[in-house]
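Analysis of the macromolecular model
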Amino acid sequence: MRVIAGQKRGKKLDRLKDEAVRPTTDKVKESVFNVIQFDVAGANFLDLFAGSGQIGIEALSRGARQATFVDENRAAISVIKKNLTVTDFMARATVVNADSVLFLKKQRERLFDIAFLDPPYKSEDLDTALLLLPEVMAKGGIIICEHPVDLDLPLDLANFRLNKAYKYGKIAVSIYRDQGDN
């Protein structure tokens, strides 16, 4: 696993050793960032269900102002911190060891310009997180969700509308964009 582009291009990242964790592939990661490439610079990025933190680190490498990494797994938090140290992005990062849904429920501000979520595929957290995410997103925000290709997501999430869905074998990525005043 590595940083694909930007300031830390080519930097190797550590990954979780847990076999139940499936990191986002380089192909999917590159495709996602190609779609949002003009939105990342200066953004406040949320990496929800962060795992190794590779998506948020990619955003920082490509010019995001700040990234928040949320994961409830302590081993994941350790890997995220290690990867942030190796890439020298710790100063621009907030690492939260918490359940992602509870994190969203406790947020009181619309802080995030871009949110990426990739919850465990068998969990019910995806539906709840999608319902809560619009409440923490800044005006003009983007929500990106990685999910199984056979899972149909809603067209609308409050003021967010499904802009495009991409398929990569068994994986799909759905991108929502803010359509109105928050």
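Quick summary incoming for the structure in this document. Because the structure is a prediction, the values reported are computed rather than measured.

Criteria and cut-off values
Residues numbered from 1 in each chain as written. Predicted model: local features only at pLDDT ≥ 70, side-chain atom pairs only at ≥ 80, totals over all residues. Heavy atoms only, no water. Phe/Tyr/Trp six-rings, centres within 6.5 Å; stacked < 30°, edge-to-face > 60°. Helix = DSSP H or I, 4+ residues; strand = E, 2+ residues; numbered from the N terminus. Lys NZ or Arg CZ within 6 Å of the ring centre and 35° of its normal. Salt bridge = Lys/Arg side-chain N within 4 Å of Asp/Glu carboxyl O. Buried < 20%, exposed > 50% of the residue type's maximum accessible area, 1.4 Å probe, protein only. Contact = heavy atoms within 4.5 Å. Arc of directions from axis to C-beta.

**Considering the packing of aromatic side chains**
The tally for this structure, following the rule as stated, stands at two aromatic pairs. Ring geometry for Phe-33 against Phe-45: centres 6.3 Å apart, planes inclined by 20°, an arrangement best described as stacked. With Phe-33 in helix α1 (residues 26-35) and Phe-45 in strand β1 (residues 44-48), this residue pair connects regions lying twelve residues apart in the sequence. The positively charged end of Lys-8 is found above the aromatic ring belonging to Phe-89, 5.8 Å away from the centroid.

**Some words on the pattern of salt bridges**
Applying the stated criterion across every chain yields a total of six salt bridges. Two residues, Asp-39 and Arg-177, come together in a salt bridge whose shortest N-O distance is 3.4 Å. Placement of the pair is Asp-39 in the loop between α1 and β1 and Arg-177 in strand β8 (residues 171-178), with a sequence separation of 138 residues. A residue is classified by how much of its surface remains accessible, and Asp-39, at 31% relative accessible area, is partly exposed. Each of Lys-29, Glu-58 and Arg-62 takes part in salt bridges that share partners, so that together they form one network.

**So, the environment of Gln-66**
Looking at the element boundaries, Gln-66 is found in strand β2 (residues 66-71). Between the C-alpha atoms of Gln-66 and Gln-107, which are 41 residues apart in sequence, the distance is 16 Å. Non-local contacts of Gln-66, meaning those with residues more than four positions away in its chain, are made with Ala-43, Asn-44, Phe-45, Leu-60, Arg-92, Ala-93 and Thr-94.

**Focus: unusual backbone geometry**
In the Ramachandran plot, Phe-49 falls in the positive-phi region, its phi being about 55° despite a non-glycine side chain. Counting through the fold element by element, Phe-49 comes out in the loop between β1 and α2 (54-61). For Phe-49, a relative accessible area of 14% gives the class buried. Not every positive phi belongs to a glycine, and Asp-88 is a case in point at roughly 65°. Owing to a relative accessible area of 63%, Asp-88 belongs among the exposed residues under this scheme.

**Some points on the side chain of Thr-87**
Take Thr-87: it is sitting in helix α3 (residues 74-87). Every residue in contact with Thr-87, bar those within four places of it in the chain, is listed here: Val-3, Lys-8, Lys-11, Leu-13 and Ile-57.

**Quick look at helix α5 (residues 125-132)**
Looking only at α5, the buried set comprises Leu-126, Ala-129 and Leu-130. All buried residues of α5 project into a common sector of 100° when viewed along the axis, lining one side. Seen from the buried face of α5, the exposed residues on the opposite side, beyond 90 degrees, are Asp-127 and Leu-131. Contacts from the buried residues of α5 go to β1, α4 (100-106), β4 (112-117), β5 (137-148) and β6 (156-157).

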